[in-house]
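Spelled out, the chains give:
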Amino acid sequence: MSDNEQKGIQLMAEAEKKLNQRGFLGSLFGGSNRVEDAIECYQRAGNLFKMSKNWAKAGQAFCEAANLHAKAGSRHDAASNYVDASNCYKKNDLEEAVACLLKAIEIYTDMGRFTMAAKHHQSIAEMYEADPNGLERAVQHYEQAADYFKGEESLSSANKCLLKVAQYAAQLEQYDKAIQIYEQVAASSLESSLLKYSAKEYFFRAALCHLSVDILNAQHALERYAQQYPAFQDSREYKFIKTLCEHLEEQNVEGFTDAVKDYDSISRLDPWYTTILLRIKKQANDNPDLR
Amino acid sequence: MSGHNYVTNPNSLFEDDDVDDETFLKNSRVNPTSANSTNPFEQQKQAFEEKRREIENRTLESSKRSLGLLIETEEVGKATAGELQKQREQLEKTSRQLDEIGATLRFSQKHLNGLKSVFGGLKNYLAGNREMAPRPPPSTSASGTQMGSPIPQDNGLGAAMPISAEDRYNSHPINRLRSDEVVKVQSPQKAFDSQLEENLGEMCESLSRLKNLGLDLKSEIESQNDLLDNMNDKIEDVDIRMSKQNKEMNKLLGK
């Protein structure tokens, strides 16, 4: 056991002792002082544990400090200590980290700091993102974050979260939801002179989602997108989708693969596109006569 | 439906290219036997053809690569634009909060003055504080509209740019060349040409988009600079007032 760790444990014990003493004294003035001392001890212990990389203990220390802060009525400090705790827990215990962040979020929403709350929702979602089974929960938290961001008028952050929602929704085969979000985000980015360049990509993604549901719908959607954003018609993405539609109509799976390969040779397709395209291809293979 | 026609072309071009390559390869295998090595010119011609094909392939490859790079650059530019937009939102928010701080400071100054003149007015101060709590931030709306004004200008600029760029693009010789080229695609030479032309055309489009993006980024950064200057003034004002009040409070407490 390292030096730092031992010191940390001593400090924790000291803090607990101080807390217990308060009961005997009972006086209001002395009591609050002792709580503050205890909080400081916990925080120092937490930092020492951090140095010795004992994340679980560090998280525990910060959590204690946060609890005391909450009792003492300084909510902002409590929230920031919860965040510290979750940062420590994050290293090895996902559930604990999330629980701490949720407590922090509760405090922030209570105080009306929705931007902070949204940011923490986002970090929870990012934690779940890394976990293959946590996608659905990640989506939930991203949605919550987007809602809060929207309420605070930070539209670009909200859109960023929404795009994540759409991306994972598509991966979870909730295409309708993904399409709706992509169309909405594309429409809002068309209004900004800076963001209109990205609209193309959102339309492309929406069209791909359409394509994995139904070809006819995809073609209608493409026409609609071209009307909404005329420059989309000249883009490589538009042409690519058009060729894909044709190949699908002719049941030409090889042509489909070639078109994808051709597109990929110029601009790399990331795993998301690959997954969706593979699904479309598989669908075309599975029910060749259904159209 | 011009876009539709346009799409089918590259594919058919590709097929054309492949078929022609095959026949070409066959020819190259057959020709030396039929014409034999008796004809040195024929051999030389063959060698040149080979070289030409090599160069053509390389050119195509390099044009493809450049196109890929251009698209990557555009991705980066788009991401930058997104971040800039976010920064603007944050700057505007900060500026609004600064206004609020300024308003709060004005009230606290008032209270301090009250404290100074009549020390017994402590009660008044407390009551006043409670009354004043839900004060409307007066300068917020004014600064909001002030800040909003650069955006429409940007839009105007952004809208004007693509049109002029498109006009220029349409009148560009490459475009005319390309439309000529698409019509007649027979020999492998033509297939190569049109393929290259297409890539070059896309590069041109991509470049013009990038240029517009760059211009938009520039104007956005300029307007954000103005915003920052504006904020700097406000912060200095608040700083001065705050240090003054701090001094006054110290005086009051020190006595």
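What counts and what doesn't
Residues numbered from 1 in each chain as written. Chains lettered and ligands numbered in written order. Predicted model: local features only at pLDDT ≥ 70, side-chain atom pairs only at ≥ 80, totals over all residues. Heavy atoms only, no water. Helix = DSSP H or I, 4+ residues; strand = E, 2+ residues; numbered from the N terminus. Buried < 20%, exposed > 50% of the residue type's maximum accessible area, 1.4 Å probe, protein only. Areas by Shrake-Rupley, 256 points an atom, 1.4 Å probe, with all protein chains shown as cover. Contact = heavy atoms within 4.5 Å. Expected span 1.5 Å × (residues − 1). UniProt positions renumbered as here; feature names shortened; annotations may be inferred. Buried area = accessible area lost by both parts, 1.4 Å probe. Salt bridge = Lys/Arg side-chain N within 4 Å of Asp/Glu carboxyl O. Nonpolar A, V, L, I, M, F, W, Y, C, P; charged D, E, K, R; others polar. Core = buried A, V, L, I, M, F, W, Y, C linked by side-chain atoms within 4.5 Å. Axes fitted to C-alpha atoms, helices over the stretch in contact; angles between N-to-C directions. Parallel < 35°, antiparallel > 145°, perpendicular 65-115°, else oblique. Left-handed = near helix turned anticlockwise from the far one by under 90°. Phe/Tyr/Trp six-rings, centres within 6.5 Å; stacked < 30°, edge-to-face > 60°. Lys NZ or Arg CZ within 6 Å of the ring centre and 35° of its normal.

S.K.: Which parts of the structure should I look at to understand the overall build of chain B?
M.R.: Each helix and strand counted, chain B has seven helices and zero strands in total. Order of helices (α) and strands (β) in chain B, N terminus to C terminus: α-α-α-α-α-α-α. Buried residues in chain B amount to 34% of all 255 residues. Carbon and sulfur atoms form 58% of the exposed surface of chain B, whose accessible area is close to 16,100 Å².

S.K.: What's the story with the overall build of chain A in this structure? I'm lost.
M.R.: Each helix and strand in chain A was counted, giving 14 helices and zero strands. Along its sequence from the N terminus, chain A presents helices and strands in the succession α-α-α-α-α-α-α-α-α-α-α-α-α-α. Every one of the 291 residues in chain A was classed for burial, and the buried ones make up 49%. Counted over contacts in chain A with a minimum sequence separation of 6, partners at least 24 positions apart contribute 55%. As presented, chain A carries roughly 14,300 Å² of accessible surface, and 48% of it is formed by carbon and sulfur atoms.

S.K.: Got a minute to help me understand helix H3 (residues 55-72) of chain A in this structure?
M.R.: An α-helix turns once every 3.6 residues. As a result, residues three or four positions apart point the same way. All names here are of chain A. Here H3 is 18 residues long and its end C-alpha atoms lie 26 Å apart, about the 26 Å a rise of 1.5 Å per residue gives. Looking at H3, one finds that the buried residues are Ala58, Gly59, Ala61, Phe62, Cys63, Ala65, Ala66, Leu68 and His69. Where H3 ends, the next residue or the one after it, glycine 73, has phi of about 95°, a positive value.

S.K.: Any chance you could explain the UniProt feature "coiled-coil region" (unreviewed entry) in chain B here in plain terms?
M.R.: Under the present numbering, the feature "coiled-coil region" (unreviewed entry) in UniProt falls on residues 221-248 of chain B. Across residues 221-248 of chain B, the secondary structure splits into 100% helix and 0% strand, with the terminal C-alpha atoms separated by 40 Å.

S.K.: What exactly am I supposed to notice about the interface of chain B and chain A here?
M.R.: Taken together, the contact pairs 34 residues of chain B with 29 residues of chain A. In this assembly, chain B packs against chain A so that about 2,700 Å² is buried in total across both faces, 53% of it on carbon and sulfur atoms. In this structure, the connection of chain B to chain A is made through four salt bridges. Residues A:Lys196 and B:Asp216 are paired through a salt bridge, measuring 3.7 Å at the closest nitrogen-oxygen approach. Per-element tally for the side of chain B that touches chain A: the top contributor is helix H2 (residues 40-117) of chain B, with 15 residues. Among the residues making up the side of chain B that touches chain A, the classes are represented as ten nonpolar, nine polar and 15 charged.

S.K.: Would you mind showing me how to read unusual backbone geometry here?
M.R.: Leaving glycine out, the prevailing phi sign among residues is negative, and the prevailing peptide bond configuration is trans. All names here are of chain A. The backbone of lysine 53 shows a phi angle near 60°, a positive value even though the residue is not glycine. Of note in the backbone geometry, glutamate 153 takes a positive phi value of approximately 70° without being a glycine. On the secondary structure map, glutamate 153 appears in the loop between helix H7 (135-151) and helix H8 (155-171). We classify glutamate 153 as exposed; its relative accessible area is 55%.

S.K.: How should the pattern of salt bridges be read in this particular structure?
M.R.: Two side chains of opposite charge can pair, provided their charged atoms sit close to one another. The tally for this structure, following the rule as stated, stands at 21 salt bridges over all chains. Taking the shortest distance from any N to any O, the salt bridge between B:Glu74 and A:Lys200 comes out at 3.4 Å. Of this pair, B:Glu74 sits in helix H2 while A:Lys200 sits in helix H10 (residues 196-213), placing the two residues on different chains. Take B:Glu74 and A:Lys200: they sit in the same class, and that class is buried.

S.K.: Is there a simple way to think about the side chain of A:Ser156 in this case?
M.R.: The residue A:Ser156 is located in helix H8 in this model. On the basis of relative accessibility, which here comes to 12%, the residue A:Ser156 falls in the buried class. In this structure A:Ser156 touches B:Gln85, B:Lys86 and B:Glu89, once residues within four positions along its chain are discounted.

S.K.: Can you walk me through the nonpolar core in this structure?
M.R.: A general trend in soluble globular proteins is that nonpolar side chains are found buried together. With 97 residues, the main nonpolar core has A:Tyr182, A:Leu208, A:Leu244 and A:Leu277 as its most contacted residues. With residues near it in sequence (within four places) discarded, A:Leu277 still touches A:Leu208, A:Phe240, A:Leu244, A:Phe256, A:Val260 and A:Leu269. Within the second largest apolar cluster, twelve residues are counted, among which are A:Tyr197, A:Ile266, B:Leu210 and B:Leu217.

S.K.: Honestly, the packing of helix H9 (residues 175-190) of chain A against helix H11 (residues 215-228) of chain A in this entry has me stumped. Any pointers?
M.R.: All names here are of chain A. Packing of H9 against H11 leaves a shortest axis separation of 12 Å and a crossing angle of 15°. In terms of axis orientation, H9 runs roughly parallel to H11. Between H9 and H11 lies a crossing whose hand is right-handed. Two secondary-structure elements touch here, H9 through Ile179, Glu183, Ala187 and Leu190 and H11 through Arg224, Tyr225 and Gln228. By residue class, the composition of the contact of H9 with H11 is four nonpolar, one polar and two charged.

S.K.: Would you mind going over the environment of A:Cys88 with me for this structure?
M.R.: All names here are of chain A. Secondary-structure assignment places cysteine 88 in helix H4 (residues 75-89). With relative accessibility at 1%, the residue cysteine 88 sits in the buried group. In this structure, the C-alpha to C-alpha distance between cysteine 88 and phenylalanine 62, residues 26 residues apart in sequence, is 8.7 Å. For cysteine 88, the residues in contact, after removing those within four places along its chain, are Lys50, Trp55, Ala58, Gly59 and Phe62.

S.K.: Sorry if this is basic, but what is going on with the packing of aromatic side chains here?
M.R.: For any pair of aromatic rings, the description consists of the separation of the ring centres together with the inter-plane angle of the planes. Residues and elements named next belong to chain A. Tallying each qualifying case throughout the model produces eleven aromatic pairs over all chains. When the centroid spacing of 5.9 Å and the interplanar angle of 40° are considered together, the rings of phenylalanine 204 and tyrosine 263 count as tilted. Within this pair, whereas phenylalanine 204 is found in helix H10, its partner tyrosine 263 is found in helix H13 (residues 253-266), the two being separated by 59 residues in sequence. Each member of the pair phenylalanine 204 and tyrosine 263 is classed as buried. One cation-aromatic arrangement involves lysine 91 over tryptophan 55; the distance from NZ or CZ to the ring centre is 4.6 Å. Directly above the ring of tryptophan 272 sits arginine 205, whose terminal nitrogen or CZ lies 4.6 Å from the centroid.

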